[in-house]
Amino acid sequence: MLSGHRNTIFRKLGQVGKGDRLIVEAAYGTFTYKVKKVRIVDADDRTVIVPKLRATLTVSTCYPFDFIGSAPKRYVLVANLIES
């Protein structure tokens, strides 16, 4: 799972949608994921943190993106690994 601030690193995350590809580069490799679904959930929703049967990336940030203060929701992308 990756999480970040909506007004810094994930500022444009709202432009990413179902079917889009996400590329994650790390010291130990490069991984390509395809977005399976996008969800808007309550800030305290923990259903997005569950074990998956296949390699999955979950990305979350505060929502709405233009909200000032502590945002009441979370924008969550779920993506499946397609290449590593």
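The structure we're discussing is the one just above.
Residues numbered from 1 in each chain as written. Predicted model: local features only at pLDDT ≥ 70, side-chain atom pairs only at ≥ 80, totals over all residues. Heavy atoms only, no water.

A. Looking closely at the pattern of salt bridges. Using the criterion set out here, one finds two salt bridges in the structure. Among the ionic pairs, R39 bridges to D45, the shortest N-O distance being 3.9 Å. Residue classification places R39 among the partly exposed residues on the basis of a relative accessible area of 26%. For the salt bridge of D42 with K73, the shortest nitrogen-to-oxygen distance reads 2.7 Å. One end of the pair, D42, is in strand 3 (residues 29-42); the other, K73, is in strand 5 (residues 73-83), with 31 residues separating them in the sequence. (Salt bridge = Lys/Arg side-chain N within 4 Å of Asp/Glu carboxyl O. Buried < 20%, exposed > 50% of the residue type's maximum accessible area, 1.4 Å probe, protein only. Helix = DSSP H or I, 4+ residues; strand = E, 2+ residues; numbered from the N terminus.)

B. Layout of the packing of aromatic side chains. A complete count under the given rule lists four aromatic pairs for this structure. With a centroid separation of 5.5 Å and an interplanar angle of 85°, the aromatic rings of Y63 and F65 are classed as edge-to-face. A relative accessible area of 26% means that Y63 is categorised as partly exposed. Considering the side-chain rings of Y63 and Y75, the 5.9 Å spacing of their centres and the 25° angle between planes classify their relative orientation as stacked. With a gap of 12 residues between them, Y63 in strand 4 (residues 56-63) and Y75 in strand 5 connect regions that are remote in the sequence. Overall, the relative accessible area of 7% leaves Y75 in the buried class. Ring-pair connections join several aromatic residues into one group, and the members of that group are Y63, F65 and Y75. (Phe/Tyr/Trp six-rings, centres within 6.5 Å; stacked < 30°, edge-to-face > 60°.)

C. A look at the sheet that holds strand 2 (residues 21-26). With mixed pairing, the five strands of this open sheet are ordered in space as 1-4-5-3-2. A strand with exactly one partner marks an edge of an open sheet, and here the two such strands are strand 1 (2-3) and strand 2. Bridging between strand 2 and strand 3 involves six bridges; their strand directions are antiparallel. The residue bridging L22 from the neighbouring strand is Y33, located in strand 3. (Pairing = 2+ DSSP bridges.)

D. Quick look at the pairing of strand 3. Hairpin remark: strand 2 followed by strand 3, antiparallel, with two residues in the connecting loop. Summarising the sheet, strand 3 and strand 5 pair through 10 bridges and their orientation is antiparallel. Pairing of K37 across the sheet is with V78, part of strand 5.

E. How the structure looks around a positive patch on the surface. The grouping of K36, K37, K52 and R54 at the surface amounts to a positive patch. Look at K36 and you get partly exposed, because its relative accessible area is 46%. (Patch = residues over 30% accessible without salt bridge, like charges linked within 9 Å, V, L, I, M, F, W, Y side chains within 5 Å. Areas by Shrake-Rupley, 256 points an atom, 1.4 Å probe, with all protein chains shown as cover. Lys, Arg positive; Asp, Glu negative; His and termini not counted. Charge placed at Lys NZ, Arg CZ, Asp CG, Glu CD.)

F. Here's a closer look at the side chain of R6. Summarising the element assignment, R6 is placed in the loop between strand 1 and strand 2. There is no salt bridge for the buried R6, and the closest opposite charge comes from D66, which lies 7.1 Å off by N-O distance. One polar contact links the side chain of R6 to the main-chain carbonyl oxygen of P64, over a distance of 3.4 Å. If sequence neighbours within four positions are ignored, R6 has contacts with R11, T61, C62, P64, F65, F67, I68, G69 and A71. (Polar contact = N/O pair within 3.5 Å; in protein donor to acceptor, adjacent residues only side chain to side chain. Contact = heavy atoms within 4.5 Å.)

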